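Chain by chain, the residues:
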2 protein chains.
Amino acid sequence: MNMEIKVMKNILDRNQNKANEVRKILKEKNVKMINLISSPGAGKTTLLERICERLSGEFRVGVIEGDVTTDRDAQRLKRFEIPIVVINTEGGCHLDSHSIYKVLDCFNLDNLDVLFVENVGNLVCPTAFDLGESFRLAVVSVPEGDDKPAKYPMLFRQANVVVLNKTDLLHHTNFSLKNFTYDLRKINPSVPLFRISCTEGDGLEEFMNWLSKHLKP
Amino acid sequence: MNMEIKVMKNILDRNQNKANEVRKILKEKNVKMINLISSPGAGKTTLLERICERLSGEFRVGVIEGDVTTDRDAQRLKRFEIPIVVINTEGGCHLDSHSIYKVLDCFNLDNLDVLFVENVGNLVCPTAFDLGESFRLAVVSVPEGDDKPAKYPMLFRQANVVVLNKTDLLHHTNFSLKNFTYDLRKINPSVPLFRISCTEGDGLEEFMNWLSKHLKP
């Protein structure tokens, strides 16, 4: 085994150990953690805005914002007056369980039901790092094209739920719902799929009902 | 220096050495290499289709397609009957100079003027790896949102040219050209910026003129 592979294995092993620790802490505190993964600009933050609008009466919500740099996404969520912590990776391409563990102290977990983690916009690297989440939410958007499940299968294989966002742009692109669904089902036959438009509202009620059900203890 | 940082430095040093070697070979053969970097689904392959349509009379073009898995992008370019080599990274999040060096032999460089490299869709990792390219083309698309230069500054800082694609969707999104340009100019005041729509054709002529000029020996 060469040194690069050895170091990578070492990194992933250590990440898994810390993820297990995070998962244990959150379980003891009855907090669900959701890891949002997508390309840059697929609409993770806008989805979080819709979630906060609709579910923050029902659940006590906190957010961890993972960003290469800036706190722009956190600024957009400020109006909800919920606890938000920004992790700037300073060039890093994904969050890991160590960075999550470090910021858990910033939250009062006794006053929290759900912790959403917005990962760095990237379809590849975040998929290798368990953060200790309860489940993984993959967000993909119509203008990215219908070939994303086939071309980036790792995320779609592990996702516990898939959201296809920006369906309001379906008529302005050559996106084929048939091809998208066919490829996704080959990779992950049973994963729940919701087609939504965070700007127009289509499909949001169905998704929020599913989410609400799965966030309950 | 801990082992991870040491290995990363080692990887980047070795990548730089091999990139210098690639650059030397291509210079001797008078071949320009262009490294295309963008998010998944920003339109790199569609841009390559437009480039092949418009410039393959003027230049002898070859393509290296970097993909995590599948040869779908290469299939889309097959109709141009140009030399295409696919590099599947099998989960890897970027191309490196070693993978480029290895496939150079697949091309007859004496019969080539330009080699386009479509990197893995990712705004973070590919920016750290010099491939030996003549210049770096950053592609970003309107539906990703106007905040990409601010949130992923590495790519925009190093880009030799920036293409804003999918301008046909400007009226269907809340993308602000003013905010996008302001952020981009803060990071890279002088980089040429072209606003184009690969599906509608807007802005393509201006971009192709620039490209043609910069591909000449």
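Up top is the structure.
Residues numbered from 1 in each chain as written. Chains lettered and ligands numbered in written order. Predicted model: local features only at pLDDT ≥ 70, side-chain atom pairs only at ≥ 80, totals over all residues.

Help me understand the overall build of chain A in this model?
Tallying secondary structure elements over chain A gives 8 helices and 7 strands in all. Expected size for 217 residues packed as a compact globule is a radius of gyration near 17 Å; at 17 Å, chain A falls within 12% of this value. Burial statistics for chain A: of 217 residues in total, 46% are counted as buried. (Helix = DSSP H or I, 4+ residues; strand = E, 2+ residues; numbered from the N terminus. Rg over C-alpha atoms; globule rule 2.2 N^0.38 Å. Buried ≥ 20, exposed ≤ 12 C-beta atoms within 10 Å, placed from the backbone.)

Before we go on, may I ask you to explain the pairing of strand E1 (residues 32–37) of chain A in this structure?
Looking down a regular strand, the side chains alternate between one sheet face and the other. All names here are of chain A. E1 sits mainly inside the fold: 5 of its 6 residues count as buried. Here E1 runs beside strand E4 (residues 114–118); their pairing, made up of 5 bridges, is parallel. Across the sheet, residue Leu-36 finds its bridge partner in E4, namely Glu-118. Pairing of E1 with strand E5 (residues 135–141) involves 4 bridges; the strand directions are parallel. Bridging from a neighbouring strand, Leu-36 pairs with Leu-137 of E5. (Pairing = 2+ DSSP bridges.)

Quick question: what am I supposed to make of the sheet that holds E4 of chain A here?
Sheet strands pair by backbone hydrogen bonding; their relative direction is either parallel or antiparallel. All names here are of chain A. With parallel pairing, the 7 strands of this open sheet are ordered in space as E3-E2-E4-E1-E5-E6-E7. The sheet terminates laterally at strand E3 (84–88) and strand E7 (193–195), the two strands that pair on one side only. Sheet twist, expressed as the mean angle between neighbouring strand axes with direction ignored, is 20°. (Axes fitted to C-alpha atoms, helices over the stretch in contact; angles between N-to-C directions.)

Hey, could you run me through the environment of Asn-111 of chain A in this one?
Residue placement: Asn-111 of chain A occurs in the loop between helix H4 (97–104) and E4. In sequence terms Asn-111 of chain A and Leu-26 of chain A are 85 residues apart; their C-alpha atoms lie 12 Å from each other.

Is there a simple way to think about the nonpolar core in this case?
With 110 residues, the main nonpolar core has Phe-116, Val-117 and Ala-138 of chain A together with Phe-116, Val-117 and Ala-138 of chain B as its most contacted residues. Not counting chain neighbours up to four residues away, the residues in contact with Phe-116 of chain B comprise Ile-34, Leu-36, Leu-48, Val-61 and Val-63 of chain B. (Core = buried A, V, L, I, M, F, W, Y, C linked by C-beta atoms within 7 Å. Contact = placed C-beta atoms within 7 Å.)

Help me out: how do you make sense of the packing of helix H1 (residues 3–28) of chain B against helix H4 (residues 97–104) of chain B in this one?
The axes of two packed helices give the description: the angle between them and the distance between them. All names here are of chain B. Remark: H1 packs on H4, axes separated minimally by 8 Å, with the N-to-C direction vectors making an angle of 35°. Considering only the axes of H1 and H4, their crossing is left-handed. Facing H1, whose interface residues are Asn-15, Lys-18, Ala-19, Glu-21, Val-22 and Ile-25, H4 presents Ser-97, His-98, Ile-100, Tyr-101 and Leu-104. Across the contact of H1 with H4, the residue classes tally to 6 nonpolar, 3 polar and 2 charged. (Left-handed = near helix turned anticlockwise from the far one by under 90°. Nonpolar A, V, L, I, M, F, W, Y, C, P; charged D, E, K, R; others polar.)

Before we go on, may I ask you to explain H4 of chain B in this structure?
Residues three or four positions apart in an α-helix share a direction because the helix packs 3.6 residues into each turn. Residue and element names in this part refer to chain B. Within H4, burial applies to Ser-97, Ile-100 and Leu-104. The buried residues of H4 all sit within an arc of 60° when viewed along its axis, so they share a single face. Residues of H4 that are buried make contact with H1, strand E2 (61–67) and strand E4 (114–118). (Arc of directions from axis to C-beta.)

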